[in-house]
Each structure stands twice: as C-alpha cells, then as structure tokens.
Amino acid sequence: MSRSDTPQRIRGTQDLFGEAARRHHAVVSAFDRVRGLYGFQRVEIPIFEATAVFARSIGETTDVVSKEMYTFEDRGGDSLTLRPEFTAGLSRAYLTEGWQQFVPLKLATHGPVFRYERPQKGRYRQFHQIDAEIIGAAEPQADVELLVMADQLLRELGIADGVTLQLNTLGDAETRDAWRAALVAHFEAHRGELSEDSLVRLDKNPLRILDSKDPRDRPIADAAPGIDAHMSSEAGAFFEAVTKGLDAAGVAWTRNARLVRGLDYYRHTAFEFVTDRLGAQGTVLAGGRYDGLIESLGGPATPAVGWAAGIERLGMLIDEPAKPTIDVAVVPMGAAAEAAAGGVIATLRRAGVACDMAYKGNMKKRMQKADAAGARFAVILGEDELARGEASVKRLATGEQAAVPLDRIAAWIGVETAA
Ligand code: ATP
Ligand code: MG
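The rules behind the values
- Residues numbered from 1 in each chain as written.
- Chains lettered and ligands numbered in written order.
- Predicted model: local features only at pLDDT ≥ 70, side-chain atom pairs only at ≥ 80, totals over all residues.
- Heavy atoms only, no water.
- Phe/Tyr/Trp six-rings, centres within 6.5 Å; stacked < 30°, edge-to-face > 60°.
- Helix = DSSP H or I, 4+ residues; strand = E, 2+ residues; numbered from the N terminus.
- Buried < 20%, exposed > 50% of the residue type's maximum accessible area, 1.4 Å probe, protein only.
- Lys NZ or Arg CZ within 6 Å of the ring centre and 35° of its normal.
- Pairing = 2+ DSSP bridges.
- Contact = heavy atoms within 4.5 Å.
- Axes fitted to C-alpha atoms, helices over the stretch in contact; angles between N-to-C directions.
- Patch = residues over 30% accessible without salt bridge, like charges linked within 9 Å, V, L, I, M, F, W, Y side chains within 5 Å.
- Areas by Shrake-Rupley, 256 points an atom, 1.4 Å probe, with all protein chains shown as cover.
- Salt bridge = Lys/Arg side-chain N within 4 Å of Asp/Glu carboxyl O.
- Lys, Arg positive; Asp, Glu negative; His and termini not counted.
- Charge placed at Lys NZ, Arg CZ, Asp CG, Glu CD.

Draft legend 1. Expanded view of the packing of aromatic side chains. Overall, the coordinates contain four aromatic pairs when judged by the stated rule. On the numbers, 6.0 Å between centres and 65 degrees between planes, the contact of Phe 31 with Trp 307 is edge-to-face. Of this pair, Phe 31 sits in helix H1 (residues 18-37) while Trp 307 is found in strand E11 (residues 304-310), placing the two residues 276 residues apart along the sequence. For the pair Phe 31 and Trp 307, a shared accessibility class is recorded, and that class is buried. For Arg 125, the ring lying beneath its charged end belongs to Tyr 116, and the centroid distance is 3.9 Å.

Written out as structure tokens, the structure is:
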C-alpha cells in the first residue's frame, strides 16, 4: 500500500490505537488515582536535559549511559539527551527549582522515555513510564510507603497475583564496600568464564555483574556471595524496618540477596516486581533508595527513594479494558430534524450525557452505528415529534420507546441510567 517514499514509523516506537491505547490509558489512570490516595503530587519535567544530568547521576559505567542514550547536539552546540528515565531529571529540578523548601516531597509523573535498545516484545526505544519518588526522607517508612503504593497499583490493575516483589538491600557505604570486595574475589576466581562486558564491569563496577543478562555470566552471578555476611548493624536495622513495614501492611515480598539495580546510585532498599508472564522482559516495576544521587549532581546530601514502571509491560498484563461506550445516539430523520439535533446533542453533552451523532446516513445506518458504539438509548428526532416539541427515546436493549419533551431528555436519561 505505502509508496516507497512514505516515511516509516521509527524502529522501536509505537503508535497506540484502539486496544493498545486503552491498555495504556487504563494503567495511567489507575496510577493517577492511586498516587492521589497516597498524597503524591503530579509534576511535569522536560523530555530532554543536558547530557551531564544523566551521565553524572546514572553513572558512566551503566548500560543506560554507555549504550542506550539518545544524545545529540542542538543548534547551539549543547549536548542534550532525551530522558532515559525520570529520577535524574526530577533530582535536577529539585536542585534548580528550589524544591528543597518543600521536603519531604512526594512526586509522581509519567510519560515517554527513550533508550536505544534492541526492540522486542516489551522492549521499545520510546517507551513510557509511570514514576513515583520521595525526595528528602531518610526514614524507612518512605521506602515502605512507596512499596505499599506499588502493591496497591498492581492490585487495582488486577495483576498483583502474577507479580512477585523481590526485595534486597545494598546496605550503607560500609556494607556495600565490604560486599563489593567479596564479589570482586568471587568474580576474579571466574575471570576466564565471564563475558567481555562483565570483565569491564569487574574493573569499574563489579556489583553490576549481578545484573548481567548474558548467559555466560548468569551461573557465576547466581553463585556469588550475598550481602548479608557484610551487613552493618545500621544497614540491617534499616532493612528490618522496611520488611516489618511491608508485613504490617500485608504486602508479600521475597528476599533476593543478589538483586542489584542497574543504576549506580542505589543504597539500602532495592526492589523489583517481577512476573514470568512476559518472557525475558519480566521486570514490570523497579526502584530503590538513591541517597547518593543528588550529591552526584552537585547538590547537598539528600536521601531519596523511588520507583518506575513500564506502562507497556503493565498494559500487557492487565485484562483487556472495556471499550468506551456512549449513553445515547442521537438519530435525526430528515433535514429539519438534523438542524434541531445539533441543539439537542449539545444540551445533552453539557448535562454530562455521553452521546454521539453520525455526520450522515439514513435511519437504518444510524441505528446500526448506535449499536456498534454501545449506546444504551437512541434519541430519535422525527418531523412529527419535533413539531410537538418531543423526541422518541428508545431503550436499545428492549426496544421500548417513550415520547419525552425535548427539554427533559437529559433528566429522563439521567434517571434511567441511575436506575
Ligand atoms: P530491563 O532489565 O528490562 O532492561 P531496566 O532495569 O533497564 O529493565 P529500569 O531502568 O529499572 O529498567 O526501568 C523501570 C521499568 O521500565 C522496567 O522495570 C520496565 O518495566 C520498563 N522498561 C525498561 N526498559 C524498557 C524498554 N526498553 N521498553 C519498555 N519498557 C522498559
Ligand atoms: Mg534495561
């Protein structure tokens, strides 16, 4: 069909329509409802930032920064990057916009993010995230609140049963350093079996080998020592407060002592909600505490914790959302009725009745369209009814019909739909 010079959709991007658009919207509206219940305020931040915002905060050695960013020079010669996630941009805004005065800040946002990855099911180059962060709270209660909120979102989406919360701690600096030394010793002993990428990680950031998806690395990563032997009492107490909070709220979790996050700035709590229903793209929601990030952007030491979830992955898991339906189809018969129908439909819509009217067509065509749109009532305007100042309102499920004065249609339908 398309001519060879017709532009194509860019690989890894999506045009959401019909069911796909409804799935997307269902996830976003559930998120918007739940974040309101938890007192998270909605914010918007730019889609692009100075490249340094991401490079410095996410870390040069991560896959995101080293391989996945959409970085370009703008016409003024500045290096800009399309956001690969929200946390870095929100932290930048926290510093540059004076949001410090509002701590602790509970923020929620959502929208497109960009990563140059190999596209496949559940993995895109422009995808969408919902994101929740608490900035300026060092207390484990903040971690708990975010996790309980994530759990409630999954419940409201009807997918909590198929999704497991895996939880770990990366400890404080002392714990993490001791664990890192144990990991280096373990990986050094298997140097010959590791992937090339992991050999580089071994020098720069050995924790990240645990996060490798390369099949050569997996057995070595899975056999690596966990963090517990190195846990400081302070870090242990923090983790215990988080798990107790989850238990008190009735949120199920399992410990994954080898779970790390791909990004460099995590401390203490790290978590992923995973499912086996999406193949290799099994992580639907992930996050943790990133107390070191804002400092890495040149700000004061600021504790913070947050998570992000892929809207597409959540959208694939939920039941198909119902198609939106209308209450009323307005069906004029004849030219005079068509002219009057414009006033009737405007009045109904202003009264909050969802209705539609075909731009053209005979009575039969219009009634077919009313059925297809899922209308419950047809408001039929004929010349005779109009002359009497009435319309014929037909209940489509039963075929019952009633003559209703034009100025009472909205009220009549209101009573009927409430019944
Ligand atoms: P993965 O291990 O699948 O690459 P990640 O660790 O890179 O995920 P995060 O940076 O934690 O992912 O992003 C949070 C969430 O965003 C993920 O749990 C996932 O649901 C979603 N996500 C990440 N990358 C993609 C992508 N390329 N396409 C669609 N969704 C994605
Ligand atoms: Mg990734």
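Don't stop here, the text continues.
Draft legend 2. Seen up close, the sheet that holds strand E8 (residues 254-255). Read from one edge of the open sheet, eight strands run E1-E5-E6-E11-E10-E9-E7-E8, paired in mixed fashion. Edge positions in the open sheet fall to strand E1 (41-42) and E8, since each of these has one partner strand only. Direction of pairing for strand E7 (residues 164-169) relative to strand E9 (residues 267-274): antiparallel, over a ladder of six bridges. Across the sheet, Leu 167 pairs through a bridge with Phe 271, a residue of E9. In the packing of helix H4 (residues 87-96) onto the sheet, the strands contacted are strand E5 (105-114) and strand E6 (126-135), and the crossing angle to E6 comes to about 45 degrees.

Draft legend 3. Representation of a positive patch on the surface in the model. On the surface, Lys 360, Lys 364, Lys 365 and Lys 369 cluster together to form a positively charged patch. Of note, Lys 369 is situated in helix H13 (residues 363-372). When its relative accessible area of 48% is taken as the criterion, Lys 369 is described as partly exposed.

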